[in-house]
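Survey of secondary and tertiary structure
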Amino acid sequence: MTAALYALRAGKSALIIEKNAFGGQITWSPKVENFPTIESISGTELADRLMEQAMNQGAEMELDEVKSIELDGDIKRVTTEFGAQFEAKAVIIATGAKPRMLGIDRENELVGAGVCFCAVCDGAFYKGRPVAVNGGGNSALQDAMLLSETCSRVYLIHRRDSFRGEAKLVEALSAKENVEFVLNSSITALIGEDELTGISVTDNTGASRDIAVDGLFVAIGHAPDNGIFSELIELDKGGYADSGEDCLTKTAGIFVAGDCRKKTVRQLTTAAADGSAAALAACTYIDSL
Ligand code: NAP
């Protein structure tokens with residue numbers, strides 16, 4: 001959406017195609033408190049504000065999934081799941097990343113039956129019940145914080161003894177009576193027939209314990225979703241677009257921005273920075289045609 005904003009202000013037209021929620025991953029964040037000039041805001045409100053800002057500048061929006069991008073001379077033809085085709089001189093790929101899965105038995109079949117990836121979306125279902133959160137980054141810490149407000153108990157399971165996420169969040173969680181840290185531990189099994197009723201956790205010494213929970217919120221990071229663009233952009237070993245700060249790709253007129261790109265810091269600020277860089281590069285490209 002930042003890319004669209006910059007492109008529009010440079011006098012171009014811009015269409016944003018989104019398959020899920022405008023704003024992407026940030027709509028899952030209950031509270032954003034590290035975006036410059038905004039003390040505290042929910043991820044959905046921040047996304048709504050940016051969407052309104054882009055629309056007020058003239059952005060067009062489509063809720064659909066891109067299935068392919070074909071080159072036809074200088075024109076890029078974008079085909080979507082619903083069969084629509086759009087033509088553009090430049091395309092900015094900003095597909096973000098999707099939640100990583102644990103890769104343990106029965107995880108797939110219990111998705112939606114206890115295994116969740118979004119505390120903001122699904123946390124309310126577990127009001128008054130015990131849940132576990134797995135992960136040690138800001139997503140896991142934020143999920144644990146949100147769930148601790150309504151769930152009877154929150155087990156925060158992390159594979160190491162220290163967290164990757166912000167110290168302030170760790171401190172706040174440590175002070176919560178209904179939050180228990182289960183460190184140096186991994187989830188090794190999911191318990192329950194049709195619905196999750198518990199998890200088996202194994203620590204670094206090999207000792208296991210079962211914990212009764214109704215919900216498990218997996219927050220162990222994200223993986224990119226760039227596969228369908230692999231002929232147009234170079235991907236690194238992890239599947240991220242192998243592009244630098246300039247957001248250029250090996251294909252003239254195709255740019256990448258945000259978490260889908262190889263980078264060290266994946267934050268709102270860096271995603272927005274990429275959006276502006278990619279849009280201005282796209283405008284320069286279009287003007288050169
Ligand atoms: P992340 O920072 O990459 O953290 C992923 C966590 O999951 C790490 O603690 C990692 O453990 C653990 N992990 C990875 N694979 C695992 C596996 N197979 N089994 C068990 N644990 C595993 O991911 P994130 O928390 O989703 O955050 C992504 C980015 O978004 C970060 O830069 C974060 O700061 C940012 N973010 C920002 C906000 C905000 O600004 N409001 C909110 C949420 C997220 P290790 O620590 O051992 O590697």
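Conventions we followed
- Throughout this document, residue positions are counted from 1 along each chain, in the order its sequence is written.
- Local features in a predicted model are, by the rule used here, given only for residues with pLDDT of at least 70; side-chain atom pairs are given and counted only at 80 or more, and totals for whole chains, interfaces and linings are based on all residues.
- Hydrogens are left out, water is left out, and the side-chain values use all remaining heavy atoms of the structure.
- Only DSSP runs of H or I covering at least 4 residues are called helices, and only runs of E covering at least 2 are called strands; the numbering of each starts at the N terminus.
- Two things to know: the radius of gyration comes from C-alpha atoms, and the globule rule equals 2.2 Å times the number of residues to the power 0.38.
- Between buried and exposed lies partly exposed: a residue is buried under 20% and exposed over 50% of the maximum accessible area for its type, with that area taken using a 1.4 Å probe on protein chains only.
- Contact definition: two residues touch when any of their heavy atoms are within 4.5 Å.
- The nonpolar core is taken to be a set of buried Ala, Val, Leu, Ile, Met, Phe, Trp, Tyr and Cys residues, with the residues joined through side-chain atoms within 4.5 Å.
- Nearness is judged by heavy atoms alone; a residue qualifies as near a molecule or strand once a single heavy atom is within 4 Å of it.
- Definition of a polar contact: a pair of N or O atoms within 3.5 Å, with one able to donate and the other able to accept a hydrogen when the atoms are protein atoms, and with sequence-neighbouring residues admitted only if both atoms are side-chain atoms.
- All amino acids are sorted into three groups, where Ala, Val, Leu, Ile, Met, Phe, Trp, Tyr, Cys and Pro are nonpolar, Asp, Glu, Lys and Arg are charged, and the leftover types, Gly among them, are polar.
- A helix is expected to span 1.5 Å for every residue after the first.
- We call two strands paired when DSSP finds no fewer than two bridges between them.
- The convention used is that axes are lines fitted to C-alpha atoms, helices contributing only their stretch in contact, and that angles between N-to-C directions extend from 0 to 180 degrees.
- Whether two aromatic rings pair depends on their centres lying within 6.5 Å, for rings of Phe, Tyr and Trp, where Trp uses its six-membered ring; planes under 30 degrees apart make the pair stacked, over 60 edge-to-face, and the rest tilted.
- Comment: the charge-over-ring label is applied if NZ (Lys) or CZ (Arg) is within 6 Å of the ring centre and within 35 degrees of the ring normal.

**Here's the deal with the overall build of the protein**
Helix and strand counts for the protein stand at six helices and 17 strands. Its C-alpha atoms give the protein a radius of gyration of 21 Å, near enough to 19 Å, the size a compact globule of 289 residues would have. By its C-alpha atoms, the protein is 65 × 40 × 30 Å across when sized along the principal axes. Across the 289 residues of the protein, 43% fall into the buried class. For the protein, contacts bridging at least 24 residues in sequence account for 56% of all contacts bridging at least 6.

**What to know about the nonpolar core**
Core analysis: the largest hydrophobic core is formed by 20 residues, its most contacted members being Val133, Leu147, Val154, Leu156 and Phe217. When residues of this core are traced back to their parent elements, those giving at least two are strand S9 (130-134), helix H4 (138-148), strand S10 (153-157) and helix H5 (167-174). The biggest single contributor to this core is H4, with five residues. Not counting the four nearest positions on each side in its chain, valine 154 is found in contact with Val131, Val133, Ala144, Leu147, Ser148, Asn178, Val179 and Glu180. Membership of the second largest hydrophobic core comes to 18 residues, among which are Ile104, Ala113, Val213 and Leu216.

**Some points on the site of the ligand**
Inspection of the region around the ligand gives 20 residues, with Asn34, Ser139, Arg160, Arg164 and Gln267 positioned closest. Contacts to the ligand include glutamine 267, whose side-chain N or O atom sits 2.8 Å from an oxygen atom. No other element matches H4, which puts three residues into the shell around the ligand. Looking at the shell around the ligand, its residues break down into two nonpolar, twelve polar and six charged.

**What about helix H2 (residues 43-56)?**
For H2, built from 14 residues, the straight-helix expectation of 20 Å at 1.5 Å per residue is met to within 8% by its first-to-last C-alpha distance of 20 Å. As for H2, its buried residues are in contact with helix H1 (2-9), strand S2 (60-63) and helix H6 (268-288). Remark: glycine 58 follows H2 within two positions and exhibits a positive phi of approximately 110°.

**So, the sheet that holds strand S13 (residues 198-203)**
Judged by pairing direction, the sheet is antiparallel, and its three strands sit side by side in the order S12-S13-S14 without closing on themselves. Looking at the sheet topology across the chains shown, the edges are occupied by strand S12 (185-191) and strand S14 (208-212). With strand direction ignored, the average angle separating the axes of adjacent strands in the sheet is 30°. Where S13 meets S14, five bridges bridge the pair, whose relative direction is antiparallel.

**Topic: the packing of aromatic side chains**
Enumeration according to the criterion identifies three aromatic pairs in this entry. Seen in terms of ring centroids, tyrosine 126 and phenylalanine 217 are 5.6 Å apart; in terms of plane orientation they differ by 85°. Their pairing is edge-to-face. Here tyrosine 126, found in the loop between helix H3 (119-122) and S9, pairs with phenylalanine 217, found in strand S15 (residues 215-218); they are 91 residues apart in sequence, far enough to count as distant. A relative accessible area of 0% places phenylalanine 217 in the buried class. Ring centres of phenylalanine 163 and phenylalanine 181 lie 5.1 Å apart, and the angle between their planes is 70°; on these two criteria the pair is classed as edge-to-face. Here phenylalanine 181 lies in strand S11 (residues 179-182) and phenylalanine 163 lies in the loop between S10 and H5, a separation of 18 residues in the sequence. Over the ring of tyrosine 240 we find arginine 266; its NZ or CZ atom is 4.0 Å from the centre of that ring.

**Considerations on the side chain of threonine 80**
As for its position among the elements, threonine 80 is in strand S4 (residues 75-80). On the basis of relative accessibility, which here comes to 3%, the residue threonine 80 falls in the buried class. At a separation of 2.5 Å, a polar atom in the side chain of threonine 80 contacts the side chain of aspartate 64.

**A closer look at the sheet that holds S4**
Read from one edge to the other, the open sheet built from three strands follows the order S3-S4-S5, with strand pairing classed as antiparallel. The outermost strands of the open sheet, each flanked by one partner alone, are strand S3 (66-72) and strand S5 (85-88). Each neighbouring strand pair of the sheet contributes to a mean axis angle of 20°, computed without reference to strand direction. Across six bridges, the pairing between S3 and S4 is antiparallel. When the sheet's bridge partners are listed, leucine 71 is paired in S4 with lysine 76.

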